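Overview (structure and organization)
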Amino acid sequence: HWAVLAVLFGAMVWSIAAAVVARDREQLVGALIRSMIAVPAVPVTLWATGHLVNALDGMTWYLLNRDGPGSLFITLQKVMWAGGQSNCFFAFLIHGLLLLGMLLLTFVFMFRNLALAVLISVGPVAWMLFPVRSLGPQWVTRYVSALVALLLTGPLTIGFLALIVNGLAGIETIWDPRAW
């Protein structure tokens, strides 16, 4: 906590000193306002990011698994066997494609979780630099846009996957035109 406060205090002093040296009243008022915003924004960002990640991950799990833990596997079996109308070759072909898709999703979400961990650790730095006029607002804008993009990755990806899997589970054969 002390290191965060030291960097935040240094950025505040830097921005206020730059405004005083420039003798710009508007820049001084802006530096004071950005400094007052930055102090509570550091802990609020950490708290809000943690709660948003947990809420969106819970929503993502619900999108994929609406009817309980076994429903996903039943749906995947319906896709694999095409409602009981498929032969073994196509069932195993579709099963292989499903496994490949799940492997790719695993890598996507591994990258997402790693990037979110990095962003959670960089968040306080972005807010600590916020009082500096030339650098701070750019860091905060980039941080927030990257965080929103990574937070929306989960629900959008899983929602798209659930749409495809549930659509394919409802057809009788893979050769049905609705499947394509």
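Remember, predicted model here, so these are calculated numbers, not experimental data.

For the protein chain, the helix and strand inventory stands at five helices and zero strands. Taken from N to C terminus, the helices and strands of the protein chain fall in the order α-α-α-α-α. A separation of at least 24 residues holds for 68% of the contacts in the protein chain among residues at least 6 apart in sequence. By element, 75% of the accessible surface of the protein chain is carried by carbon and sulfur atoms, the whole surface being about 11,600 Å².

A separate point is the packing of helix α2 (residues 25-64) against helix α5 (residues 136-169). Each pair of packed helices can be summarised by the angle the axes make with each other and by the distance between the axes. The contact between α2 and α5 brings their axes to 9 Å, and the two run at 10 degrees. Accordingly, the angle class assigned to the pair α2 and α5 is roughly parallel. Contacts between α2 and α5 pair R34, T45, T49, L52, V53, L56, M59, T60, L63 and L64 from the former with P137, Y143, L147, L151, G154, P155, I158, G159, L161 and A162 from the latter. Its residues placed into classes, the contact of α2 with α5 shows 14 nonpolar, five polar and one charged.

Looking now at the environment of Y143. Looking at where Y143 falls in the secondary structure, it is placed in helix α5. The class for Y143 is buried, based on a relative accessible area of 4%. It is 7.0 Å that separates the C-alpha atoms of Y143 and A126, two residues lying 17 residues apart in sequence. When neighbours within four sequence positions are excluded, Y143 is seen to be in contact with T45, T49, L119, G123, A126 and W127.

It is worth spelling out the nonpolar core at this point. With 19 residues, the main nonpolar core has L116, W127, Y143, L147 and L151 as its most contacted residues. At the level of secondary structure, the elements contributing two or more residues to this core comprise α1 (2-22), α2, α4 (88-128) and α5. With six residues, α4 is the largest single contributor of residues to this core. When residues no more than four places from it in sequence are discounted, the contact partners of L147 are T49, L116 and L119. Ranked by size, the runner-up nonpolar core spans twelve residues in total, among them L72, I94, L105 and A169.

The end-to-end C-alpha separation of α5 is 50 Å, in line with the 50 Å expected for 34 residues at 1.5 Å each. A bend of about 30 degrees at T153 is the largest found in α5, and the proline P155 appears one to four places after it.

Moving on, we come to unusual backbone geometry. At R23, a position not held by glycine, the phi torsion is positive, near 55 degrees. Checked against the element boundaries, R23 lands in the loop between α1 and α2. On the basis of relative accessible area, R23 is assigned to the exposed category, the value being 79%.

Reading the values: rules and limits
Residues numbered from 1 in each chain as written. Predicted model: local features only at pLDDT ≥ 70, side-chain atom pairs only at ≥ 80, totals over all residues. Heavy atoms only, no water. Helix = DSSP H or I, 4+ residues; strand = E, 2+ residues; numbered from the N terminus. Contact = heavy atoms within 4.5 Å. Areas by Shrake-Rupley, 256 points an atom, 1.4 Å probe, with all protein chains shown as cover. Axes fitted to C-alpha atoms, helices over the stretch in contact; angles between N-to-C directions. Parallel < 35°, antiparallel > 145°, perpendicular 65-115°, else oblique. Nonpolar A, V, L, I, M, F, W, Y, C, P; charged D, E, K, R; others polar. Buried < 20%, exposed > 50% of the residue type's maximum accessible area, 1.4 Å probe, protein only. Core = buried A, V, L, I, M, F, W, Y, C linked by side-chain atoms within 4.5 Å. Expected span 1.5 Å × (residues − 1). Bend = angle between axes of the 7 residues up to and from the residue.

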